[in-house]
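Here are the chains, one letter per residue:
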Amino acid sequence: MSEKAVVIDTPGGPEQLKLIDVEVGAPGPGEIRIRHEACGLNYIDEYHRNGTYPLPLPARLGMEGAGVVEAVGEGVTHLKVGDRAAYASQPPGAYATARVMPARCVLKLPDAIDFATGAAMMLKGLTVQYLLKGTQPQGGLKPGDFVLFHAAAGGVGLIACQGARALGLQLIGTAGSDEKCQLALDHGAAHAINYRSQPDFAAQVKEITGGKGVKVVYDSVGADTWEGSLNSLAPFGLIASFGGASGPVPPINVGTLAAKGSVYVTRPTLFTHLASQEATQAMGDDLFGMVVSGQVKIRIDKRYALADVAESHRDLEARKLVGSAVLLT
Ligand SMILES: NC(=O)c1ccc[n+]([C@@H]2O[C@H](COP(=O)([O-])OP(=O)(O)OC[C@H]3O[C@@H](n4cnc5c(N)ncnc54)[C@H](OP(=O)(O)O)[C@@H]3O)[C@@H](O)[C@H]2O)c1
């Protein structure tokens, strides 16, 4: 049976996204076939589409989805036909009605979590999980510590605000409008700074922290925030540079790290953390627990039809969205 999938032939703007007919075969060893109910919209999809992260062409897009397992390949033991499932996984290809994919990063979705929520939370929630719990400064993070989190009203951001609150951290969120700042506060940020109207956010961070600075800056904005992020750190603090929504971070002179107070820099990616099925399951169990208990609520701001994928990309890059968005198949 013919299925639908989104492809690009050339990197470029949202107009490059095409919905085409594809054949989806049977899963090979270690693979499953999944029928999607929904797939997640993520900023990494923008980088794939515009060539910031080049893919072999023609390329499928989408890294996050939820649906029902239709077929299971040889050697797959943790999933069976009919299971509700969700994932954040390589390779791209989640923007589709159905696909064959490696089973390793696909997890059974708890009955208490609907498919749209599953598709909205896996990539973003597992990212928050490894950032807050697995990307730590010297001596770790303790309740009461200050951290700075940019784009705090975005998909990753609103989950981070709630995750930080659950850990007792004082998260200072930045966002591009007063409405977005309020949303970050409503989701658990202790403070919020509008970095469009107040571009010197580092001065505000110093004021909030009594001149000390924060232990960790979680920076996914990149080019526009890099300098201010360095200036927001306490001595021996850590920058986790995990994205570049405004463009890549400029080349670093390592001497700067001494001048800013012997600070540390890491450039993590979720997919290092999801290297094994066991690690993925452990991180997923932690995330599912937070969502099922209500400690973290997944806000789906917008639902698009798969055929309207170009509109969803325009909205995401125009900073029109808050929380998560999904494409319904
Ligand atoms: N390394 C990893 O493991 C990993 C995993 C997941 C996501 N990420 C990164 O985390 C970030 C958030 O991902 P997301 O999917 O949840 O997206 P998102 O936060 O919902 O959207 C990106 C946000 O970045 C902010 N932004 C600042 N400058 C921008 C600019 N010049 N153009 C566009 N947006 C700008 C906007 O919020 P304001 O208007 O409030 O500024 C925008 O809403 C992305 O950079 C993504 O690549 C990294």
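A. Up close: the overall build of the protein chain. Helices and strands together make up the secondary structure of the protein chain, namely ten helices and 16 strands. Computed over C-alpha atoms, the radius of gyration of the protein chain comes to 20 Å, within 12% of the 20 Å expected from 2.2 N^0.38 for 329 residues, which places it in the range of a compact globule. Overall, the C-alpha framework of the protein chain stretches about 65 × 40 × 35 Å when taken along its three principal axes.

B. Just the side chain of Thr174, in detail. Position of Thr174 relative to the elements: it lies in strand β10 (residues 170-175). Residue Thr174 is classed as buried on the basis of its relative accessible area, which comes to 0%. Leave out the neighbours within four places in its chain, and Thr174 touches Leu148, Phe149, His150, Ala151, Ala152, Ile193 and Tyr195.

C. Fine view of the nonpolar core. Ranked by internal contacts, the top residues of the largest apolar core, which has 53 residues, are Met121, Met122, Leu126, Phe149, Leu171, Tyr218 and Leu270. No other element matches helix α2 (residues 115-134), which puts twelve residues into this core. The residues contacting Tyr218, other than those within four sequence positions of it, are Leu131, Leu132, Thr135, Leu141, Val147, Leu148, Phe149, His150, Ala240 and Phe242. Counting 27 residues, the second largest nonpolar core, distinct from the first, contains Met101, Val309, Ala310 and Leu327.

The rules behind the values
Residues numbered from 1 in each chain as written. Predicted model: local features only at pLDDT ≥ 70, side-chain atom pairs only at ≥ 80, totals over all residues. Heavy atoms only, no water. Helix = DSSP H or I, 4+ residues; strand = E, 2+ residues; numbered from the N terminus. Rg over C-alpha atoms; globule rule 2.2 N^0.38 Å. Buried < 20%, exposed > 50% of the residue type's maximum accessible area, 1.4 Å probe, protein only. Contact = heavy atoms within 4.5 Å. Core = buried A, V, L, I, M, F, W, Y, C linked by side-chain atoms within 4.5 Å.

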